Amino acid sequence: LLFIRDNVVRPFMGKDGDQYLWIIWTFFFFILFCNLLGMIPLIGATPTAGMSVNAALAAISFLIYHSVGIKKNGFLHYLKANFLVGPWPLWPLMILIEAMGHVIKPCALAIRLLANMVAGHLLLGVILSLSTSVVISLITGSAGVALTFLEILVAFIQAFIFTFLTTVFLGMAIHPDH
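Throughout what follows, the structure given in this document is the object of discussion. Being a predicted model, the structure only gives us computed values, none of them experimental.

### With respect to the overall build of the protein
1) Next: Along the protein, the regular secondary structure elements total 6 helices and 0 strands.
2) Next: Shown N-terminal to C-terminal, the secondary structure of the protein runs as helices and strands in the order α-α-α-α-α-α.
3) Next: A globule of 178 residues ought to have a C-alpha radius of gyration of about 16 Å, yet the protein, at 20 Å, is considerably larger.
4) Next: Residues counted as buried form 33% of the 178 residues belonging to the protein.
5) Next: Taking the contacts inside the protein whose residues are at least 6 apart along the sequence as the reference set, 71% of them involve residues at least 24 apart.
6) Next: In the structure as shown, the protein presents an accessible area of about 10000 Å², 79% of it carried by carbon and sulfur atoms.

### Thoughts on the nonpolar core
1) Next: One finds Tyr20, Phe162 and Leu170 to be the most contacted residues of the largest nonpolar core, which totals 31 residues.
2) Next: When residues of this core are traced back to their parent elements, those giving at least two are helix H1 (2-13), helix H2 (21-37), helix H3 (51-73), helix H5 (91-129) and helix H6 (134-174).
3) Next: The leading source of residues in this core is H6, at 9 residues.
4) Next: Beyond its immediate chain neighbours, meaning those up to four positions away, Tyr20 contacts Met13, Val68, Leu170 and Ile174.

### Some points on the packing of H3 against helix H4 (residues 75-83)
1) Next: At a minimum axis distance of 6 Å, the contact between H3 and H4 shows a crossing angle of 120 degrees. For the element pair H3 and H4, the recorded crossing hand is right-handed. Residues Tyr65, His66, Gly69, Ile70 and Asn73 of H3 lie in contact with H4, whose contacting residues are Phe75, His77 and Tyr78.

### Observations regarding the packing of aromatic side chains
1) Next: Summed over the entire model, instances satisfying the criterion amount to 7 aromatic pairs.
2) Next: With 6.0 Å between their ring centres and 75 degrees between their planes, Phe62 and Tyr65 make a pair best called edge-to-face. Taken together, the residues span about one helical turn, with Phe62 and Tyr65 both in helix H3 at a distance of 3 residues.
3) Next: When its relative accessible area of 27% is taken as the criterion, Phe62 is described as partly exposed.
4) Next: The interplanar angle of 55 degrees and the centroid separation of 5.5 Å between the aromatic rings of Tyr65 and Phe169 together place this pair among those described as tilted. Of this pair, Tyr65 sits in helix H3 while Phe169 is found in helix H6, placing the two residues 104 residues apart along the sequence.

### With respect to the pattern of salt bridges
1) Next: A complete count under the given rule lists 4 salt bridges for this structure.
2) Next: Across the pair Asp6 and Arg5 runs a salt bridge, and its minimum N-O distance is 2.8 Å.
3) Next: The partly exposed category is assigned to Arg5, whose relative accessible area is 22%.
4) Next: With its nearest N and O atoms 3.7 Å apart, the salt bridge here joins Lys72 to Asp16. Residue Lys72 is found in helix H3, and its partner Asp16 is found in the loop between H1 and H2; the two are separated by 56 residues along the sequence.
5) Next: Under the relative-accessibility criterion, Lys72 is labelled partly exposed at 40%.

### Some thoughts on H3
1) Next: Between its terminal C-alpha atoms H3 stretches 32 Å, which fits the 33 Å expected from 23 residues at 1.5 Å a residue.
2) Next: Those residues of H3 that fall on the buried side of the exposure criterion are Asn54, Leu57, Ala58, Ser61, Ile64, Tyr65, His66, Val68 and Gly69.
3) Next: After H3 finishes, the residue Gly74 shows a positive phi value of roughly 90 degrees.

Criteria and thresholds
Residues numbered from 1 in each chain as written. Predicted model: local features only at pLDDT ≥ 70, side-chain atom pairs only at ≥ 80, totals over all residues. Heavy atoms only, no water. Helix = DSSP H or I, 4+ residues; strand = E, 2+ residues; numbered from the N terminus. Rg over C-alpha atoms; globule rule 2.2 N^0.38 Å. Buried < 20%, exposed > 50% of the residue type's maximum accessible area, 1.4 Å probe, protein only. Contact = heavy atoms within 4.5 Å. Areas by Shrake-Rupley, 256 points an atom, 1.4 Å probe, with all protein chains shown as cover. Core = buried A, V, L, I, M, F, W, Y, C linked by side-chain atoms within 4.5 Å. Axes fitted to C-alpha atoms, helices over the stretch in contact; angles between N-to-C directions. Left-handed = near helix turned anticlockwise from the far one by under 90°. Phe/Tyr/Trp six-rings, centres within 6.5 Å; stacked < 30°, edge-to-face > 60°. Salt bridge = Lys/Arg side-chain N within 4 Å of Asp/Glu carboxyl O. Expected span 1.5 Å × (residues − 1).

As structure tokens, this is what we get:
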């Protein structure tokens, strides 16, 4: 918790970020719990290996950082700082580009989490399904143990990356002029 507060939230949002720690920590631990849940035998798939959970998390992130940005800066200032960039003759093009960027950010959050969680489980399943003899079973079993530890590491990293990017987007919404 202190690592996320001191090394992720405060560098991007300053002391203003402390009031948003509850949502940042919630994202981190929810995603971590979902990622690790799939590692338990007979439970089934990781919830974050499905697009619906990831899309919901990304949508919540999207709504939070835009609503906080609007609340902190005011609707018109927030729109101006995020969409009316560059010289005024380019505004129609910049509005389109910036709007696409605001839609792509949560999509990238969801797809990144989905792809990494599915890839880890597929790789582990393929390696473990190769065991047909005793020697190959020992090799694939060892590889399976190594990949299981790798998958645990990936579970932590993906929870951190989602949390980190949400923090960056939230910081950009709170301080759009920086």
